[in-house]
Amino acid sequence: MLDRTVDILSRLVSFPTVSTDSNLDLIDYATDLLAAVGARVAVTTDPPGNKANVFATIGPEVEGGVILSGHTDVVPVEGQEWTRPPFTASVTEGRVWGRGTTDMKGFIACMLAIAPRFAASSLTRPLHLAMTYDEEEGCNGAKVMLEALKSDGTLPAVAIIGEPTGLGIVVAHKGCYEFTTEIHGVERHASMSAAGAGAIHAAARFIGMLDGLSDELAERAPADSPFEPPASTINVGTISGGVARNITAGSAVFDWEIRPVEADDVAYVLERANRFVDEVLLPRMRREYPEATVTTTTVGAVGGFRRDPDGQALALARRLTGNTEMEVVSFGTEAGLFQEIGIAPVVCGPGSIEQAHKPDEFIELTQLQACLTMLERLIPELQ
């Protein structure tokens, strides 16, 4: 079974499913494998039809059952120093190397490799296998897939989200709200004072305001917060603008995010940011350049995953792994979206988050084998 898993993982890695690109070749490959074992396959797509989700079912058409879920998209490799081809899997040193091996094609490979075992079993409750697009870009694919599932009216009971946890049982994480802010100011010779209307200078003031809000969020952290760091956080991840050092910047764009412990923190940050723009930033810019604008667009909004210490998902994960410990993490997953529509989730998968998004990403073969063992234990749970 491990050899088959590695073969499938190698094929999955060969599809360069960076979030900016299509995942349809991978989806075609996965649906062929699932159809071959008799799974009922449903596909949903993004509006242009360039990306797709798969929701497949093995077993009876009844309510309940378990979803195994993983995202197919990976982060870019540009600018990273890889010592081996990122989209060609290599198996050395007891590891499979390649982009997405840990995050999270390793889990998907385990799902697909063991699917024939479930298909050959007499299940009384269904096994569902879900593969989504754009998790790295605001969980857009999962939202489409889950909306279709909710409309169908027959919900599974439990979802195992196979993000890399070293097969530890994660029962809560922060949310993730992503934004892009675009600033348009005056562009002219730098020897002429822009009087605050240069877009990069305005962006710097906006970002400085966000830094101040980070300090306020630290003070708002719940005393019993289980997270590390315990408070909601703000990060500015990219910024670009301007054309030359001797021209005031006519435009600037930056991407930023909030990872809230509590949903109220998002509203708090946005209210303060909007007030700063309306009362401080824009009035200063428009004294010099009346056409100045500041526009913030929500790119992704995913609520946190809340703890349910007595829930059936946790109980199932404990039986499958033999692990009684519970963990919380600060990174985000699609678990909160499943929870919102009434499916009890748990986050548990092979590999280490420390390898995710890095050059020379890898997953240990021992982790793949441990994941297969966990999934084999799921068979009698569904019989």
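Whatever comes next refers back to the structure up there.
Note that the structure is predicted; figures quoted are calculated from it, not measured. (Residues numbered from 1 in each chain as written. Predicted model: local features only at pLDDT ≥ 70, side-chain atom pairs only at ≥ 80, totals over all residues. Heavy atoms only, no water.)

## A short note on helix α1 (residues 2-14)
Link 1 in the chain: Its 13 residues place the ends of α1 18 Å apart at the C-alpha level, agreeing with the 18 Å of an ideal helix rising 1.5 Å per residue.
Link 2 in the chain: For α1, the set of buried residues is Thr5, Val6, Ile8, Leu9, Leu12 and Val13. One side of α1 carries all its buried residues, which in axial view fall inside an arc of 165°. For α1, exposure combined with an orientation more than 90 degrees from the buried face picks out Asp3 and Asp7.
Link 3 in the chain: Contacts from the buried residues of α1 go to α2 (24-36), β4 (90-92), β5 (95-97), α3 (101-119), β15 (362-364) and α9 (365-376). (Helix = DSSP H or I, 4+ residues; strand = E, 2+ residues; numbered from the N terminus. Expected span 1.5 Å × (residues − 1). Buried < 20%, exposed > 50% of the residue type's maximum accessible area, 1.4 Å probe, protein only. Arc of directions from axis to C-beta. Contact = heavy atoms within 4.5 Å.)

## Focus: helix α4 (residues 140-152)
Link 1 in the chain: Over its 13 residues, α4 extends 19 Å from the first C-alpha to the last, a length consistent with the 18 Å expected when each residue adds 1.5 Å.
Link 2 in the chain: Where α4 is buried, its residues contact β1 (40-45), β2 (52-58), β3 (66-71), β6 (127-132) and α8 (335-340).

## Focus: the packing of aromatic side chains
Link 1 in the chain: Under the definition given, this model contains five aromatic pairs.
Link 2 in the chain: Pairing phenylalanine 15 with tyrosine 29 gives two aromatic rings, centres 5.9 Å apart and planes at 40°, and the pair type is tilted. Taken together, the positions of phenylalanine 15 in the loop between α1 and α2 and tyrosine 29 in helix α2 put the pair 14 residues apart, joining distant regions of the chain.
Link 3 in the chain: Under the relative-accessibility criterion, phenylalanine 15 is labelled buried at 12%.
Link 4 in the chain: Here the aromatic residues Phe179, Phe206, Phe254 and Trp256 are joined through ring pairs into a cluster of three or more.
Link 5 in the chain: Sitting over the face of the ring of phenylalanine 362, arginine 95 holds its NZ or CZ atom 3.9 Å from the ring centroid.
Link 6 in the chain: The aromatic ring of tyrosine 268 is capped on one face by arginine 220, whose charged end is 4.0 Å from the ring centroid. (Phe/Tyr/Trp six-rings, centres within 6.5 Å; stacked < 30°, edge-to-face > 60°. Lys NZ or Arg CZ within 6 Å of the ring centre and 35° of its normal.)

## A look at the nonpolar core
Link 1 in the chain: Ranked by size, the top nonpolar core spans 56 residues in total, and within it Leu34, Leu68, Phe118, Ile160 and Leu378 carry the most contacts.
Link 2 in the chain: Considering every element that reaches this core, the biggest residue donor is α3, with 11 residues.
Link 3 in the chain: Filtering out sequence-adjacent residues up to four positions away, leucine 34 remains in contact with Ala39, Val41, Val54, Ala56, Leu112, Ala115, Leu129 and Met131.
Link 4 in the chain: By size, the runner-up hydrophobic cluster in this structure holds 28 residues, among which are Tyr177, Val266, Ala273 and Val277. (Core = buried A, V, L, I, M, F, W, Y, C linked by side-chain atoms within 4.5 Å.)

## Focus on the environment of phenylalanine 362
Link 1 in the chain: Residue position: phenylalanine 362 is located in strand β15.
Link 2 in the chain: Taking the C-alpha atoms as reference points, phenylalanine 362 and phenylalanine 118, 244 residues apart in sequence, are found 28 Å from one another.
Link 3 in the chain: Not counting residues within four places of it along the chain, the set of residues in contact with phenylalanine 362 comprises Arg95, Val96, Trp97, Thr101, Thr102 and Gln355.

## Notes on the pattern of salt bridges
Link 1 in the chain: According to the stated counting rule, one finds 11 salt bridges in the structure shown.
Link 2 in the chain: A salt bridge links arginine 272 to glutamate 216; the nearest nitrogen and oxygen atoms lie 2.6 Å apart. With arginine 272 in helix α6 (residues 263-288) and glutamate 216 in helix α5 (residues 199-220), the pair connects residues that are 56 residues apart, well separated along the chain.
Link 3 in the chain: Since its relative accessible area comes to 25%, arginine 272 is described here as partly exposed.
Link 4 in the chain: Two residues, arginine 275 and glutamate 271, come together in a salt bridge whose shortest N-O distance is 3.0 Å. Of this pair, arginine 275 and glutamate 271 both sit in helix α6, four residues apart, which is roughly one turn of the helix.
Link 5 in the chain: What makes arginine 275 partly exposed here is its relative accessible area of 37%. (Salt bridge = Lys/Arg side-chain N within 4 Å of Asp/Glu carboxyl O.)

## Regarding the sheet that holds β15
Link 1 in the chain: With antiparallel pairing, the three strands of this open sheet are ordered in space as β4-β5-β15. A strand with exactly one partner marks an edge of an open sheet, and here the two such strands are β4 and β15. Pairwise comparison of adjacent strand axes, ignoring direction, gives a mean angle of 25° for this sheet.
Link 2 in the chain: With three bridges connecting them, β4 and β5 associate as antiparallel partners. By the bridge assignment for β5, valine 91 is matched with valine 96. (Pairing = 2+ DSSP bridges. Axes fitted to C-alpha atoms, helices over the stretch in contact; angles between N-to-C directions.)

## A few points about the packing of α5 against α6
Link 1 in the chain: Contact pair α5 / α6: the axes reach a minimum separation of 10 Å and the direction vectors enclose 150°. Taken as axis vectors, α5 and α6 run roughly antiparallel relative to one another. Handedness of the crossing formed by α5 with α6: right-handed. Along the contact surface, α5 presents Ala202, Arg205, Phe206, Met209, Leu213, Glu216, Leu217 and Arg220, while α6 presents Asp264, Asp265, Tyr268, Val269, Arg272, Ala273, Phe276, Val277, Leu281, Arg284 and Met285.
Link 2 in the chain: Of the residues belonging to the contact of α5 with α6, the class tally is 12 nonpolar, no polar and seven charged. (Parallel < 35°, antiparallel > 145°, perpendicular 65-115°, else oblique. Left-handed = near helix turned anticlockwise from the far one by under 90°. Nonpolar A, V, L, I, M, F, W, Y, C, P; charged D, E, K, R; others polar.)

## Here's the deal with unusual backbone geometry
Negative phi is the rule for most residues except glycine; trans is the rule for most peptide bonds.
Link 1 in the chain: Note the cis peptide between aspartate 103 and methionine 104, where omega equals -10°.
Link 2 in the chain: With respect to the helices, strands and loops of the structure, methionine 104 is situated in helix α3.
Link 3 in the chain: The omega angle of the peptide bond from glutamate 228 to proline 229 is 0°, so this bond is cis rather than trans.
Link 4 in the chain: Within the fold, proline 229 resides in the loop between α5 and β10 (233-241).
Link 5 in the chain: We note that glutamate 93 has phi near 60°; this positive angle belongs to a residue other than glycine.
Link 6 in the chain: When you line up the elements, glutamate 93 lands in the loop between β4 and β5.
Link 7 in the chain: For glutamate 93, a relative accessible area of 61% corresponds to the exposed category.
Link 8 in the chain: Positive phi, close to 65°, is recorded for leucine 167, a residue that is not glycine.

All we've got here are geometric facts, nothing functional implied.
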